[in-house]
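Results of the structural survey
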Amino acid sequence: MEYTQLGRTGLKVSRLVLGTMNFGPQTDEATSHAIMDTALDAGLNFFDTANVYGWAENKGRTESIIGSWFAKGDGRRDRTVLATKVYGNMGPDGEAWPNHDKLSALNIRRAVEASLKRLGTDYIDVYQFHHVDRATPFEEIWQAVDVLIQQGKVLYAGSSNFPGYKIAQANETAARRGSVGLVSEQCLYNLFERRAEMEVIPAAQEYGLGVIPWSPLHGGLLGGVLKKETEGKRRTEGRAAATLADPVVRAQLQAYEDLLDKHGLAPGEAALAWLLTRPGVTGPIVGPRTPEQLAGALRALEVELSEEVLAGLDEIFPGPGPSPEAFAW
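Predicted model, so just to flag it, every value in this text is computed and none were measured.

Moving on to the overall build of the chain. Of the regular secondary structure elements, the chain holds 13 helices and 10 strands. Taken over C-alpha atoms, the radius of gyration comes to 20 Å for the chain, in line with the 20 Å a tight globule of 329 residues would show. In terms of overall dimensions, the chain has C-alpha extents of about 55 × 55 × 35 Å along its principal axes. Expressed as a percentage of its 329 residues, the buried residues of the chain come to 52%. Put simply, of all contacts in the chain between residues at least 6 apart along the chain, 77% involve residues at least 24 apart. Accessible surface for the chain amounts to roughly 15000 Å². Of this, 50% is attributable to carbon and sulfur atoms. Positive and negative charge centroids in the chain, built from 33 and 42 side chains respectively, lie 4 Å apart.

Below you can see the structure in the form of structure tokens.
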């Protein structure tokens, strides 16, 4: 396993991040534990979750599954860099109760304590803001986070789904307070969706944030979906099905799969390997539902993409170009 620093910090994390969103809703507790054991045995030490994972009436379920895994001992917690998130409503009995969501000092305090209890730990390595909160000033947010850092309950703060200007605003406010500020940004970024290259990733690099891409296969579209569809191995639905209905997209994906087939590369592994070549990227989040899917993701660490393949991918999925040149002279 290859490791890198998380942004400007001294924290060493694996180049792949284990996403746990499927733990509970789609993957039972025993299988979830097996996936985490396999990941840790492979050296994958960076685990990502959120307080709302579990969804609907089971919000918090995913954190509880991780907590029961930590409770097995054998150094599991000490070897894991744990990231969770705050923002979504965690009101009692699943109700959208006031002050049980977003980033007020009250909710941050309440949410941290609840996450710590579910996770069965006394600290969170990276506490991430799951979305921007337009109603709460960053002065209030950092006041709450600084207290948690002083108490040892949180070590670092990160963001998720922030635009570039909010990354700048957050860290300029933190600098004025003498706070560390954001050290990571978790954003939607993959071959198919490259808009983060215009503002978000440059802002993250400027302020020393590690970039953690989510949905690296864009809902499965970059995992060889056309071949699987032809072979009857996958039935597309939801966002993926709607996207595939576009003939231009189908043509893109066909060119993508043909290019990788020509070079003997598996689409899903190549999509992950491409992200590992991108400037500023710490590591993409992989969200396996089964141990077999995790094994496939780990193979991406061994994939080397030639200049010919990289050029071909850029031709099929061109990025937006740098800012401001992408929208100016």
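Now, onward.
A word on the side chain of Thr-282. Looking at the element boundaries, Thr-282 is found in the loop between helix H11 (267-276) and strand E10 (285-286). On the accessibility criterion, Thr-282 (3% relative accessible area) is buried. When neighbours within four sequence positions are excluded, Thr-282 is seen to be in contact with Thr-4, Gln-5, Leu-6, Gly-7, Val-13, Ser-14, Arg-15, Gly-210 and Val-211.

Attention shifts here to the sheet that holds strand E5 (residues 81-86). Spatially, the eight strands line up as an open sheet ordered E9-E8-E7-E6-E5-E4-E3-E10, and their pairing is parallel. Looking at the sheet topology across the chains shown, the edges are occupied by strand E9 (210-214) and E10. The pairing of strand E3 (residues 17-19) with strand E4 (residues 46-48) spans three bridges and is parallel. Bridging from a neighbouring strand, Val-17 pairs with Phe-46 of E4.

Further remarks concern the packing of helix H4 (residues 105-119) against helix H5 (residues 138-151). For the pair H4 and H5, the least separation of the axes is 9 Å and the interaxial angle reads 30°. Taken together, H4 and H5 sit at an angle that is classed as roughly parallel. Crossing hand, H4 versus H5: right-handed. Together, Ala-105, Ile-108 and Val-112 of H4 and Glu-140, Ile-141, Ala-144 and Leu-148 of H5 make up the contact between the two elements. Across the contact of H4 with H5, the residue classes tally to six nonpolar, no polar and one charged.

What follows is about the pattern of salt bridges. Side chains bearing opposite charge may pair, as long as their charged atoms lie close to each other. Counted by the stated rule, this structure contains 16 salt bridges. With a closest N to O distance of 3.8 Å, Arg-15 and Glu-2 form a salt bridge. Of this pair, Arg-15 sits in the loop between strand E2 (12-14) and E3 while Glu-2 is found in the segment before strand E1 (3-5), placing the two residues 13 residues apart along the sequence. Across the pair Asp-48 and Lys-85 runs a salt bridge, and its minimum N-O distance is 2.8 Å. Here Asp-48, found in strand E4, pairs with Lys-85, found in strand E5; they are 37 residues apart in sequence, far enough to count as distant. On the basis of relative accessibility, which here comes to 0%, the residue Lys-85 falls in the buried class. Through salt bridges that share partners, Arg-194, Glu-197, Arg-278 and Asp-314 make up one connected network.

Turning next to the packing of helix H2 (residues 61-70) against H4. Two elements in contact, H2 and H4, have axes separated by 6 Å at closest approach and are oriented at 45°. When the axes of H2 and H4 are compared, the pair comes out oblique. Residues Glu-63, Ser-64, Ile-66, Gly-67 and Phe-70 of H2 form the contact with H4, whose participating residues are Ser-115, Arg-118 and Leu-119. Its residues placed into classes, the contact of H2 with H4 shows three nonpolar, three polar and two charged.

With that out of the way, let us pick up H2. Think of an α-helix as 3.6 residues a turn; residues three or four steps apart then line up on the same face. In terms of residue burial, H2 counts as a mostly covered element, since seven of its 10 residues are buried. Buried residues of H2: Thr-62, Glu-63, Ile-65, Ile-66, Gly-67, Trp-69 and Phe-70, and no others. Packing partners of the buried residues in H2 comprise helix H1 (29-41), E4, helix H3 (76-79), E5 and H4.

Two faces make up the sheet, and in a regular strand the side chains alternate between them. Counting buried positions over the six residues of strand E6 (residues 124-129) gives six, a clear majority of the element. Regarding topology, H4 serves as the crossover connection from E5 to the parallel E6, and that connection is right-handed. Inspection of the sheet shows E6 paired to strand E7 (residues 154-160) by five bridges, in the parallel sense. Across the sheet, residue Ile-124 finds its bridge partner in E7, namely Val-154. Handedness of the crossover joining E6 and E7 through H5: right-handed.

Looking at the element boundaries, Glu-172 is found in helix H6 (residues 164-177). On the basis of relative accessibility, which here comes to 38%, the residue Glu-172 falls in the partly exposed class. Taking the C-alpha atoms as reference points, Glu-172 and Tyr-207, 35 residues apart in sequence, are found 9.2 Å from one another. Within the structure, the side chain of Glu-172 is placed 2.7 Å from the side chain of Tyr-207, a separation counted as a polar contact.

Glancing now at unusual backbone geometry. Of all residues except glycine, most have a negative phi; of all peptide bonds, most are trans. Between Ser-323 and the following residue, Pro-324, the backbone shows a cis peptide bond with an omega angle of 5°. Along the chain, Pro-324 turns up in the segment after helix H13 (307-316). In the Ramachandran plot, Trp-55 falls in the positive-phi region, its phi being about 60° despite a non-glycine side chain. For Trp-55, the location among the structural elements is in the loop between E4 and H2. Unusually for a residue other than glycine, His-218 sits at a positive phi of about 50°. Mapping His-218 onto the fold places it in the loop between E9 and helix H8 (225-230). Relative accessible area serves as the criterion here: at 9%, His-218 is assigned to the buried category.

Rules used in this analysis
The residue numbering used here restarts from 1 in each chain and proceeds along that chain's sequence as written. Per-residue local features of the predicted model are confined to residues with pLDDT of at least 70, and side-chain atom pairs are confined, for both listing and counting, to 80 or more; whole-chain, interface and lining totals are unaffected and use all residues. The side-chain values count all of the structure's non-hydrogen atoms but skip hydrogen atoms and water molecules. Each helix is a run of DSSP H or I of at least 4 residues and each strand a run of E of at least 2, with the numbering of both proceeding from the N terminus. Only C-alpha atoms enter the radius of gyration, while the globule expectation follows 2.2 Å times N to the 0.38, with N the number of residues. For each residue, the accessible area found with a 1.4 Å probe, counting protein chains only, is set against the maximum for its type, and the residue is called buried under 20%, exposed over 50%, and partly exposed in between. We call two residues contacting when some pair of their heavy atoms lies within 4.5 Å. Surface accessibility in these figures is a Shrake-Rupley result with a 1.4 Å probe; residues are shielded only by whichever protein chains are displayed. Neither His nor the chain ends contribute to the count of charged residues, in which Lys and Arg are positive and Asp and Glu negative. The location of each charge is read from NZ of Lys, CZ of Arg, CG of Asp or CD of Glu. Two strands are said to pair when DSSP picks up at least two bridges between them. Axes here refer to lines fitted to C-alpha atoms; in helices the fit is confined to the stretch in contact. Angles between the N-to-C directions go from 0 to 180 degrees. For classification, angles of less than 35 degrees are called roughly parallel, those exceeding 145 degrees roughly antiparallel, those between 65 and 115 degrees roughly perpendicular, and all remaining angles oblique. Helix crossings get a hand from a simple test, with the near helix turned counterclockwise from the far one by less than a right angle marking a left-handed crossing and a clockwise turn marking a right-handed one. In this count, Pro and Cys sit with the nonpolar residues alongside Ala, Val, Leu, Ile, Met, Phe, Trp and Tyr, while Asp, Glu, Lys and Arg are called charged and the others, Gly among them, polar. When a carboxyl oxygen of Asp or Glu is within 4 Å of a side-chain nitrogen of Lys or Arg, the pair counts as a salt bridge. Convention used here: a crossover is right-handed provided that the path from the first strand, over the helix, to the second strand proceeds clockwise when the strands point away from the viewer. For the purposes of these results, a polar contact is taken to be a pair of N or O atoms within 3.5 Å, where, inside protein, one atom must be able to donate a hydrogen and its partner to accept one; residues adjacent in sequence count only when each atom of the pair is a side-chain atom.

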